[in-house]
Amino acid sequence: MFKTALRNVFAHKARLLMTVLAVMLGVAFVSGTLVFTNTISSALEKSSAKGYDHVDVALTPGSTKAEGDKVSKEVKLTDATLKKARSVPGAASATGVVGGYAAVADQDGKLVGNGFSTKGGNYAGTSEKADSRYPLTDGTAPHGAHQVALDAQTAEKAGYKVGDQVRMSVDGPVLTPTLTGIFTTDDGEVSAGGSLALFDTATAQQLFHKQGAYDEIDVRAAAGTSQDQLKTQLDKALGTTAVDTETGQRLAADQAETISSSMSSMKTMLLVFAGIALFVGIFIIANTFTMLVAQRTKELALLRAVGASRRQVTRSVLLEAFFVGAVAAVTGLAVGIGIGAGMRSLMNSTGAIIPDGPLVISAGTVVSALVVGVLITMLAAWLPGRRAARIPPVAAMNSVHAAATTKSLVLRNTLGALVSAAGAATVLAATTMSGDSGQLPMGAGAGLLVIGVFVLTPLLSRPLIAAAAPVLRAFGISGKLARLNSVRNPRRTAATASALMIGLTLITGLTVIAGSVQGAIDKMAADSIKADYVVSMANGNPLSPDVLKTLNSTDGVTATTGLTNSASRIDGSTEYLTGINGRTADELVALSMKGGTFTLGGTNVVVDDKTAKDHGWKAGSSFTTTYEDGKKQRLTVAGVYEHNEMMQGVLLDSATLNPHIDGTVTDMQVMVKTSGGATEANQDTITKALGENPAIQVQDKQDISNKIAQLFTLMLNMLYGLLAMAVVVAVLGVINTLAMSVFERQQEIGMLRAIGIDRKGIKRMVRLESLVISLFGGVLGIGLGVFFGWAAGQLIGTSMSTYSLILPWGRMALFLALAAVVGILAALWPARRAARLNMLAAIKSE
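Asker: Can you break down the overall build of the protein residue by residue, with the values?
Answerer: In terms of regular secondary structure, the protein is built from 28 helices and 26 strands. Per-residue burial for the protein yields a buried fraction of 48% across its 846 residues. With the model as given, the accessible surface of the protein reaches about 37900 Å², and the carbon-plus-sulfur share is 59%.

Here's what the structure looks like:
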């Protein structure tokens, strides 16, 4: 039986080619994902570990416990803490570290680096002793408020050299310090494309609003002192103060674990899509082996007649699947390694620089690729093999094709109807639940419904394909034959169409959800913001108080308000208060009031309906709050507004809140109203007033919506790209089914040629058959996608009041057109092959 299986693989290698390609693509996706994520993880872990080479023990500020009316506060690391750390037995040195956001612009005014990777810090060296963390390669260390040092990579990208004026920003105002030095660093974020600007310690503390305080104190151990010993000594010296200590080794291990965890999320997402492609591939494999078994019915019957048992026949088919899976797995592994290397190069070319490191091909990756390829193929071939073994030898000798019995079709349709009903009922039940509690039932219901529809697809194929009869009649006898061939073997048609259906279901569902969420955000921005512009830092950090002062004195600005956040304790729990200018709030925000009035000033506050419900408040209620400075005040709820993503929580007059904020009062955003409304000229005026700062965003309502839309578009395009693999596999399935169907119907095609149908007619018949099957899968996929998009939207609507279903008719039409294109392209080779069959040879074939 082993020799028989091997002979059959070589005898049908052309027919098994598409199966090999389908499995190979899925395995390549899996192995490429593992190689890519393992390589990136290894490079980032090694790079981050270098950052702790100068740290034996790190001191970080802890927090006091929030209890009763006490607000949790972060303990400051001061010069006294630094002095104490330096005097601990076993400590060779201690360095105070200060850091924050520092945006550096290049010579053209464009931001260098992205988001949180654009950092600032302190150069802790002196004229007598350099800072060993940042070896200078050119110039001198920064000193005073008007000097800065840049990492070599940033200086090169931005085009700066020692002596140049560097255009930069920390929290708002534009700074132009002189570049005095260029240094190298092992900082992983800088290696990955970020930027690092260094000031002297006093300047860094002032710029980052940490006067007299440090973010961290790094202590080096003296010779002969271990990290654990030094940590013990520091813990004793610091006593009961809320300062956290950790060894450099532990910090490096924690950082490696964090990197591994973040890469694990990416790996999981990519593997899910690889799994989808493999799942679609199962349909192709099962279809291929089903057709091969049907075409070799006499051969298998002869094996049974000469003594082969049912198990041996099944084993023979599974051995064929094993050989096919092994070839596909090995090829897929090789392709996947190439994909992993290519993805790293692609990320580097897009500016997301990855630290240098070798390509990591672990034993687990190799084993996973081989096991996945072989198991998936054998699993898909098991049912066709079992069917082959159950055909009685005598019945098989009398019939080339064993038709499904009425009993099996009734059983299949009944089972499909029950599973579909259970899935649809579960999804509908989940739509009545809240967002978090409904996710699991909806996912389970969606899975059941897809399986149920797949089982029912043979039954659905007849009425849906029959609906295309009027269109197909226009193509004459070729159209009629195409329709009849499409429903000749409903199971085969179902398996082919279902592969395409799954990909289009996911693509359509994601498109419906993304479009509806974007519409909800547009409505939310329009309904809750009256301001013409919202000013904020590009990375979400607080703005300097100077920004609000500058805007208040800008020509054309009629009203402004900063949004200031501060923690408080109310009824034994932490609540965040938002300070807003009570005199101008009504001109800048539009809240939907559910009770009371929008009145701010003195002790009057407004709260969102969710917060009010949690505390049992209504308009007129009073409560006591403890501010972050420890002082208490009795506040009155003047009104309750509807919660939205733009505004939420407790709003009160900034004049009431600001005196209770420890340290500098900073705004997360500033809302601006101008005399001429949102115009290009007004936006340009505000931008120039703020010094054309690359770190500050000046956005109108449409800009806010567009920025969010860009994120959704990017996410959708990524998902489309990942799902494209499943669609490609589905295309291979259509090609495979048509090619094998042409081989199976050689005699029939020869007879059609003999009675007068020309080669063009044969090509047209095969193409129309492919088109009908593809459109059938497209209609099912788009229909299911719309249903799942609507259902998921019901869950989203529980936390987003402006959400409503928006059907992307244009895109759905495009998806259906793409399904048609898939059908036409997939039929090119099979149609050409059918038309070129020798008429007499085809008639004589069995």
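Still to come is the rest of the account.
Asker: Describe the pattern of salt bridges, with residues and values.
Answerer: All told, the structure shown has 9 salt bridges when counted by the stated rule. Lys 161 is the salt-bridge partner of Asp 164, the closest N and O atoms lying 4.0 Å from each other. For Asp 164, a relative accessible area of 17% corresponds to the buried category. By relative accessible area, which is 55% here, Lys 161 ends up exposed. With a shortest N-O distance of 3.2 Å, Lys 231 and Asp 235 are connected by a salt bridge. Here Asp 235 and Lys 231 lie together in helix α7 (residues 227–238), a separation of 4 residues that amounts to about one turn. A relative accessible area of 32% places Asp 235 in the partly exposed class.

Asker: So what about the nonpolar core? Which residues, and what values?
Answerer: Ranked by internal contacts, the top residues of the largest apolar core, which has 67 residues, are Phe 273, Val 280, Met 442, Met 501, Ile 502 and Phe 788. Not counting chain neighbours up to four residues away, the residues in contact with Met 501 comprise Val 450, Val 453, Gly 777, Leu 780, Gly 781 and Leu 784.

Asker: If you had to explain the packing of aromatic side chains to someone new, which residues and values would you point to?
Answerer: For the structure shown, the criterion picks out 7 aromatic pairs. Centre to centre, the rings of Tyr 134 and Phe 183 are 5.3 Å apart; their planes meet at 65°, and the pair counts as edge-to-face. Of this pair, Tyr 134 sits in the loop between β7 (118–123) and β8 (136–139) while Phe 183 sits in strand β12 (residues 178–183), placing them 49 residues apart in sequence. By relative accessible area, Tyr 134 is classed as buried at 12%. Relative to Phe 623, the ring of Trp 617 has its centre 4.1 Å away and its plane inclined at 15°; by these criteria the two rings are stacked. What links up through ring pairs into an aromatic cluster is the set Phe 787, Phe 788 and Trp 790. Positioned over the ring face of Phe 454 is Arg 412, at 5.7 Å from the centre of the ring.

Asker: Help me get a handle on a nonpolar patch on the surface, residues and values and all.
Answerer: Together, Met 269, Leu 714 and Met 718 line one region of the surface with nonpolar side chains, adding up to about 280 Å² of accessible area. You can see Leu 714 is positioned in helix α23 (residues 701–744). Look at Leu 714 and you get exposed, because its relative accessible area is 51%.

Asker: Describe helix α27 (residues 828–835), listing the residues and the values that go with them.
Answerer: Each α-helix turn comprises 3.6 residues. Residues three or four places apart therefore point the same way. Taken residue by residue, α27 has Pro 830, Ala 831, Ala 834 and Ala 835 as its buried positions. Buried positions in α27, seen along its axis, are confined to an arc of 130° and lie on one side of it.

Asker: Help me get a handle on the pairing of strand β23 (residues 632–641), residues and values and all.
Answerer: Each regular strand shows side chains that alternate between the opposite faces of the sheet. Inspection of the sheet shows strand β20 (residues 593–596) paired to β23 by 3 bridges, in the antiparallel sense. Its bridge partner lying in β23, Gly 595 is registered against Val 640. As paired strands, strand β21 (residues 604–608) and β23 are joined by 5 bridges and run parallel to one another. What sits directly across from Val 607, in β23, is Val 640. In this structure, strand β22 (residues 622–626) lies alongside β23, joined through 5 bridges in antiparallel fashion. Across the sheet, Thr 624 pairs through a bridge with Arg 634, a residue of β23.

Asker: Hey, could you go over the side chain of Asn 693 for me, with residue numbers and the actual values?
Answerer: Among the secondary structure elements, Asn 693 is positioned in the loop between α22 (680–689) and β26 (696–699). With a relative accessible area of 6%, Asn 693 lands in the buried category. Excluding residues that lie within four positions of it along the chain, Asn 693 makes contacts with Arg 167, Ser 169, Gly 172, Pro 173 and Val 174.

Asker: So what about the pairing of strand β15 (residues 216–221)? Which residues, and what values?
Answerer: Relative to β15, strand β1 (residues 57–61) is paired through 3 bridges, and the arrangement is antiparallel. Residue pairing in the sheet places Val 57 in a bridge with Val 219 of β15. When strand β3 (residues 91–97) meets β15, the two strands line up antiparallel, connected through 6 bridges. When the bridges of β15 are listed, Gly 96 appears paired with Ile 217.

Asker: Talk me through unusual backbone geometry; I want residue IDs and the actual numbers.
Answerer: One non-glycine residue, His 209, adopts positive backbone phi at about 55°. Relative to the helices and strands, His 209 is located in the loop between α6 (201–207) and β14 (213–214). Classification of His 209 as partly exposed rests on a relative accessible area of 33%. Here the phi dihedral of Asp 571 falls at roughly 55°; this positive angle occurs in a residue that is not glycine. Counting through the fold element by element, Asp 571 comes out in the loop between β18 (557–570) and β19 (573–580).

Asker: Describe the packing of helix α16 (residues 476–488) against helix α25 (residues 759–797), with residues and values.
Answerer: For the pair α16 and α25, the least separation of the axes is 8 Å and the interaxial angle reads 45°. Viewed along their axes, α16 and α25 adopt a mutual orientation that is oblique. The two elements α16 and α25 cross, and the hand of that crossing is right-handed. Judged by residue contacts, Ser 478, Gly 479, Leu 481, Ala 482, Asn 485 and Ser 486 of α16 engage Gly 761, Arg 764, Met 765, Leu 768, Glu 769, Val 772 and Ile 773 from α25. Along the lines of polarity and charge, the residues of the contact of α16 with α25 split into 6 nonpolar, 5 polar and 2 charged.

Calculation criteria
- Residues numbered from 1 in each chain as written.
- Predicted model: local features only at pLDDT ≥ 70, side-chain atom pairs only at ≥ 80, totals over all residues.
- Heavy atoms only, no water.
- Helix = DSSP H or I, 4+ residues; strand = E, 2+ residues; numbered from the N terminus.
- Buried < 20%, exposed > 50% of the residue type's maximum accessible area, 1.4 Å probe, protein only.
- Areas by Shrake-Rupley, 256 points an atom, 1.4 Å probe, with all protein chains shown as cover.
- Salt bridge = Lys/Arg side-chain N within 4 Å of Asp/Glu carboxyl O.
- Core = buried A, V, L, I, M, F, W, Y, C linked by side-chain atoms within 4.5 Å.
- Contact = heavy atoms within 4.5 Å.
- Phe/Tyr/Trp six-rings, centres within 6.5 Å; stacked < 30°, edge-to-face > 60°.
- Lys NZ or Arg CZ within 6 Å of the ring centre and 35° of its normal.
- Patch = residues over 30% accessible without salt bridge, like charges linked within 9 Å, V, L, I, M, F, W, Y side chains within 5 Å.
- Arc of directions from axis to C-beta.
- Pairing = 2+ DSSP bridges.
- Axes fitted to C-alpha atoms, helices over the stretch in contact; angles between N-to-C directions.
- Parallel < 35°, antiparallel > 145°, perpendicular 65-115°, else oblique.
- Left-handed = near helix turned anticlockwise from the far one by under 90°.
- Nonpolar A, V, L, I, M, F, W, Y, C, P; charged D, E, K, R; others polar.

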